[in-house]
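Observations on the three-dimensional arrangement
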Amino acid sequence: MNTTSLKTQVSPEEWQLRTDLAACYRLVAMYGWSDLVFTHISARIPGPEHHFLINPYGLMFDEITASSLVKVDQNCNKLIDSPYPVNPAGFVIHSAVHAVREDAQCVLHTHTRAGVAVSAQKAGVLPISQQSTFVLASLAYHDYEGVAFRDDEKPRLQADLGNANFLMLRNHGLLTVGPSIADAFLSMYVFESTCQIQIAAQSGGSELVQVDPRIVQGVAQALKVQTGGMGGQFAWPALLRKLDRVDPGYKD
């Protein structure tokens, strides 16, 4: 792809956000969470305007670069000319979350097999792993209403999400919210691991041992200790080093 570099056309803050978001797309592909060209990861650009970066629709996640990301407003109208299309229908979920969560710089949504499988289980996420305790400490559910392209679904999704950072979209997939791209990615890593572990444990056919609910209540402090109080930023530099070794093209 011959995408014109936007590095000199945007602020340093926006360029850094573009680089991190492009890296996030490539990491999602690397870890096997992408769904061809479908699903989205959005990031709000710092400032009073509700401007966002989102993927150019039709590109595989491992093709996305900092310059190819499309800058849009709250209604998904392009703010910088781009040869790539955007998917307004795909932005419905993301715009709904960004509209009510000022703390959400990044919204990450996936359709993985494990995530959809657990989302279809009536009990949802079970407290059967250490990973699940982090999810359960801030988990919400939203019932399936069909392909999410109708604006009238937004108020119900917003109400269901509330202040949670993990949202299970019933019969659909997983969504994480984070104050940074790094936080949203780390949350999705834990969410996806939780679902994979649950499906694997259930396949054994034995009765599952559940974690004491009191442990879930104290997990927020445990997570701070685990990451040195840095959240996703603790792991993000190592993830970027890993990506740079095998797929550095995201910086273009």
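Read on for a plain summary of the structure. (Residues numbered from 1 in each chain as written. Predicted model: local features only at pLDDT ≥ 70, side-chain atom pairs only at ≥ 80, totals over all residues. Heavy atoms only, no water.)

1. A few points about the overall build of the protein
- Within the protein, the regular secondary structure consists of nine helices and seven strands.
- Overall, the C-alpha framework of the protein stretches about 55 × 40 × 30 Å when taken along its three principal axes.
- The long-range fraction of contacts in the protein, counting pairs at least 24 apart against all pairs at least 6 apart in sequence, stands at 68%.
- Total accessible area on the protein stands at roughly 11900 Å², and carbon and sulfur atoms take up 54% of it.
- Taken together, the 19 basic and 24 acidic charged side chains of the protein have centroids lying 3 Å from each other. (Helix = DSSP H or I, 4+ residues; strand = E, 2+ residues; numbered from the N terminus. Contact = heavy atoms within 4.5 Å. Areas by Shrake-Rupley, 256 points an atom, 1.4 Å probe, with all protein chains shown as cover. Lys, Arg positive; Asp, Glu negative; His and termini not counted. Charge placed at Lys NZ, Arg CZ, Asp CG, Glu CD.)

2. Brief notes about the nonpolar core
- Residues F185, F191 and W236 are the most contacted members of the largest nonpolar core, which totals 50 residues.
- Other than its neighbours up to four places away in sequence, F191 contacts V125, V135, L139, F166, L167, M168, L174, L175 and T176.
- In terms of nonpolar packing, the next biggest core, distinct from the first, is built from 14 residues, A96, A140, A148 and L175 among them. (Core = buried A, V, L, I, M, F, W, Y, C linked by side-chain atoms within 4.5 Å. Buried < 20%, exposed > 50% of the residue type's maximum accessible area, 1.4 Å probe, protein only.)

3. Thoughts on the pattern of salt bridges
- One pass over the structure, following the stated rule, counts twelve salt bridges.
- Its salt-bridge partner being D212, residue R214 comes within 2.6 Å of it at the nearest N-O pair.
- Judged by relative accessible area, D212 falls into the partly exposed class, the value being 29%.
- One network of salt bridges, in which partners are shared, links E145, R150, D152 and R156. (Salt bridge = Lys/Arg side-chain N within 4 Å of Asp/Glu carboxyl O.)

4. Section: unusual backbone geometry
- Located in the positive-phi region is L36, a residue other than glycine, with phi close to 55 degrees.
- Inspection of the secondary structure puts L36 in the loop between α1 (12–30) and β1 (41–44).
- One non-glycine residue, C76, lies in the positive phi region at around 70 degrees.

5. A few points about a nonpolar patch on the surface
- Taken together, the side chains of M30, Y31, Y189 and V246 make up a nonpolar region of the molecular surface, amounting to roughly 360 Å² of accessible area.
- As for its placement among the helices and strands, V246 is situated in helix α9 (residues 236–246).
- For V246, a relative accessible area of 58% puts it in the exposed group. (Patch = residues over 30% accessible without salt bridge, like charges linked within 9 Å, V, L, I, M, F, W, Y side chains within 5 Å.)

6. Thoughts on the sheet that holds β1
- What the seven strands build is an open sheet, ordered β3-β2-β1-β4-β7-β6-β5; its pairing is mixed. Looking at the sheet topology across the chains shown, the edges are occupied by β3 (70–72) and β5 (139–142). If you compare each strand with its neighbour and ignore which way they point, the axes differ by 20 degrees on average.
- Where strand β6 (residues 166–169) and strand β7 (residues 173–178) come together, four bridges link them in antiparallel fashion. (Pairing = 2+ DSSP bridges. Axes fitted to C-alpha atoms, helices over the stretch in contact; angles between N-to-C directions.)

7. Details of the pairing of β1
- Both faces of β1 are covered, namely the face carrying I41 and A43 and the face carrying S42 and R44.
- The pairing of β1 with strand β2 (residues 52–54) spans two bridges and is classified as antiparallel. Bridge pairing in β2 links R44 to F52.

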